[in-house]
Amino acid sequence: MDADAARQASTWPPADPRTWDADQAVTVLYSAHYRQLVRTSALLVRDVATAEEVVQEAYVGLYRRWDRLRDPDAAVGYLRQAVINGSRSVLRRRGTAERNAPTLYAVPGTAPDPATGVTDRRAVLDALAALPERQREVLVLRYYGDLSEADIASALGVSAGAVKSYASRGVQALRPVLMQGGDR
Amino acid sequence: MSDDDVYEERLRHVLHGEGSSMDLGDDGLGKIMSKAHNGAGSRRRPGWIAPLAVAAAAVVLLGGVALVVNLNNSGNDDAIVATSGSPTTSVSATATESQSTPATSTPTSSAPSSSSAPTVVTKNLAVYYAADVPGVGTRLYREFHPLQVEQSDTGAPQAALAELFGGNAVDPDYSSLWPSGTQVRTLSIEGDLATVDVTDFPSGPADAKKLAIQQVVWTVTAADPSVKRVQVKVNTDPPKGAAVLGEPTRRANALETLANVWILAPSEGATTTSPVTVSVYGTGFEGNVPIKVFKDDGSTQVAATALTTQMGGFAEARTTLKLPAGSYVIKAYNDNGKDGTLQLWDTKSFTVN
């Protein structure tokens, strides 16, 4: 409805984000961040379809809050927090047993990679999945999302110092599998 | 490059490789917009419903174990025992619970006769009420009410809606979101769509209106499981407010619309004998529903246990508690699976003879 009409308008989106309605805000932020957020969540929950649901819920939450946020940066901050929280809930619902025995994705696109063989990638991802929650989240946000310490801290609701320490402990814990990688 | 840099670079490489190998589904935006426009329950607190009258933010979960027995009886020799036997977990699929408690009907006649007045039977029908849950927002709670139902295609939803609009919840913490005196003008069912024309509509924020519509949607779809969508009209017009209010609406996500736990037994104001059957309906982290029983002055905790329902879905669980004669308040919680903080969802007052 509004969003479709708006998408076709030549002046869309209006220059001032504060004038966007919720449909416009979600549409703009969808194009800019959806895929990255889904992949971030999928690296945490290890399932793309589930990750899409988590991220879609986050955008639905954004839709409801847009009137109060009215700011794209704040909205992205909200989306990241919501995706992290949603991914955590998925892992908790799934339960400890399954988390410790990760299922390999049946992602069709997991083709062998000349630099890092699939096997190595799986070993690293398995080890990542076995890390404590926050270490895993910090590593994914930092080394996949390329977020700053400050942005990670705000997404996780922890201090920048804590981010540094989770990152360093996480990398230390992954050293054995990363060592076996042997590429470059 | 230091050692650490090498490891970090490898990790980055693995994560980016994995990320770019993922195939995303089509039309994420369409799904988001469809959910957004259909509006699930609000997390905002309208603040115009009586809050559950309770204290209690952070209470430490007892041991964090599923079946916990805590005797807090300070030497009284009327033993207070929480016999937390294995809970009966009747698993019903998420949010289809209302059909699992079959209506008890006592037909007075089954004659499909010509022009006589419609047969009336008594049925226990689910009616959904709202309560403001501190720390969560407004959620719906279910009560079963015995109602006089005309045996016709729309008899059950008619009766349930009349009760929703005109009756009272048994639990004083629950209330209807609809203006008192609201009446059903017409109710028709075509396929899976019920159209309800009513005489009044709540005022207030859009989220509250959407939840009021969910109150009707859950009640009608419980009364007639073949109904999946409900369209509300107010004196033949769409409700005032967002356009979405006038569209056919399905049950919104249960976890965000319903209370996560409510107490089935003892019922509010019940007088019972020991051992007291305690039964809850809900969901929780690892299905865990902590229960506490207090003296009716609210000050002294006399028993605690926990029931295991279902994780990710809703289920019923029960146990029994031995309690000396007296008046009590029972409270049911969720823990957040993280730090032992308990979220209070429901309270009932009851008396043991």
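Residues numbered from 1 in each chain as written. Chains lettered and ligands numbered in written order. Predicted model: local features only at pLDDT ≥ 70, side-chain atom pairs only at ≥ 80, totals over all residues. Heavy atoms only, no water.

## What about the overall build of chain B?
Right, on to step 1. Looking only at helices and strands, chain B has five helices and 16 strands in total.
Right, on to step 2. Every one of the 353 residues in chain B was classed for burial, and the buried ones make up 48%.
Right, on to step 3. Residue pairs in contact within chain B that sit at least 24 positions apart in sequence constitute 68% of those at least 6 positions apart.
Right, on to step 4. Entry remark: accessible area of chain B is about 15,100 Å², with carbon and sulfur atoms responsible for 50%. (Helix = DSSP H or I, 4+ residues; strand = E, 2+ residues; numbered from the N terminus. Buried < 20%, exposed > 50% of the residue type's maximum accessible area, 1.4 Å probe, protein only. Contact = heavy atoms within 4.5 Å. Areas by Shrake-Rupley, 256 points an atom, 1.4 Å probe, with all protein chains shown as cover.)

## Quick notes on the nonpolar core
Right, on to step 1. Tyr59 and Leu62 of chain A are the most contacted members of the largest nonpolar core, which has 65 residues in total.
Right, on to step 2. The leading source of residues in this core is helix H2 (residues 22-45) of chain A, at 12 residues.
Right, on to step 3. Leaving out residues up to four positions away in the same chain, leucine 62 of chain A has contacts with Val26, Leu29, Leu69, Ala75, Tyr78 and Leu79 of chain A.
Right, on to step 4. Counting 61 residues, the second largest nonpolar core, distinct from the first, contains Tyr174, Ala212, Leu245 and Val280 of chain B. (Core = buried A, V, L, I, M, F, W, Y, C linked by side-chain atoms within 4.5 Å.)

## Examining the environment of leucine 211 of chain B
Residues and elements named next belong to chain B.
Right, on to step 1. Tracing the backbone through its elements, the reader meets leucine 211 in helix H4 (residues 206-223).
Right, on to step 2. Of the residues examined, leucine 211 reaches a relative accessible area of 3% and is grouped as buried.
Right, on to step 3. Taking the C-alpha atoms as reference, leucine 211 lies 9.2 Å from alanine 252; in sequence the two are 41 residues apart.

## Points about the confidence of the model for chain B
Right, on to step 1. Per-residue confidence for chain B gives a mean pLDDT of 76; residues scoring 70 or more make up 76%.
Right, on to step 2. If you check the scores for this complex, the pTM reads 0.47 and the ipTM reads 0.83. (pLDDT = per-residue confidence, 0-100.)

## A short note on the packing of H2 of chain A against helix H7 (residues 133-144) of chain A
All names here are of chain A.
Right, on to step 1. Taken N-terminus to C-terminus, the directions of H2 and H7 make an angle of 145°; their axes are 10 Å apart at the nearest point. Here the hand of the crossing between H2 and H7 comes out right-handed. The residues of H7 that touch H2, namely those facing Gln36, Arg39, Thr40, Leu43 and Leu44, are Arg136, Glu137, Val140, Leu141 and Tyr144.
Right, on to step 2. Each residue belonging to the contact of H2 with H7 can be placed in one class, and the counts come to five nonpolar, two polar and three charged. (Axes fitted to C-alpha atoms, helices over the stretch in contact; angles between N-to-C directions. Left-handed = near helix turned anticlockwise from the far one by under 90°. Nonpolar A, V, L, I, M, F, W, Y, C, P; charged D, E, K, R; others polar.)

## Remarks on the pattern of salt bridges
Residue and element names in this part refer to chain A.
Right, on to step 1. Counted by the stated rule, this structure contains 17 salt bridges over all chains.
Right, on to step 2. Between arginine 80 and aspartate 151 there is a salt bridge whose closest N-O contact spans 4.0 Å. On the criterion of sequence distance, the pair formed by arginine 80 in helix H4 (residues 72-94) and aspartate 151 in helix H8 (residues 149-156) is long-range, its members being 71 residues apart.
Right, on to step 3. The exposure class of aspartate 151 is partly exposed, given its relative accessible area of 33%.
Right, on to step 4. A cluster of three or more residues bridged by salt bridges with shared partners is formed by Arg88, Glu133 and Glu137. (Salt bridge = Lys/Arg side-chain N within 4 Å of Asp/Glu carboxyl O.)

## Regarding the sheet that holds strand E8 (residues 229-234) of chain B
Residues and elements named next belong to chain B.
Right, on to step 1. The three strands lie next to each other as E6-E7-E8, forming an open sheet whose pairing is mixed. Sheet topology places strand E6 (184-190) and E8 at the edges, where each strand pairs with a single neighbour. Within the sheet, the average angular offset between the axes of one strand and its neighbour, ignoring direction, is 15°.
Right, on to step 2. Packed onto the sheet, helix H3 (residues 155-166) meets E6 and strand E7 (193-198) and runs at close to 145° relative to E6.
Right, on to step 3. Against the sheet, H4 makes contact with E7 and E8, and its axis sits at roughly 130° relative to E8, the strand it touches most. (Pairing = 2+ DSSP bridges.)

## Thoughts on the side chain of threonine 27 of chain A
Right, on to step 1. Looking at the element boundaries, threonine 27 of chain A is found in helix H2.
Right, on to step 2. Reaching out from threonine 27 of chain A, the side chain makes a polar contact with the backbone oxygen of aspartate 23 of chain A at a distance of 2.6 Å. (Polar contact = N/O pair within 3.5 Å; in protein donor to acceptor, adjacent residues only side chain to side chain.)

## Here we look at the pairing of strand E13 (residues 301-308) of chain B
Residues and elements named next belong to chain B.
Right, on to step 1. Of all the eight residues making up E13, seven are buried; the element is thus mostly covered by neighbouring parts of the structure.
Right, on to step 2. With seven bridges connecting them, strand E12 (residues 288-295) and E13 associate as antiparallel partners. When the sheet's bridge partners are listed, phenylalanine 294 is paired in E13 with glutamine 301.
Right, on to step 3. From the end of E12 to the start of E13, which pair antiparallel, there are five residues, and glycine 298 there has a positive phi angle of about 80°.

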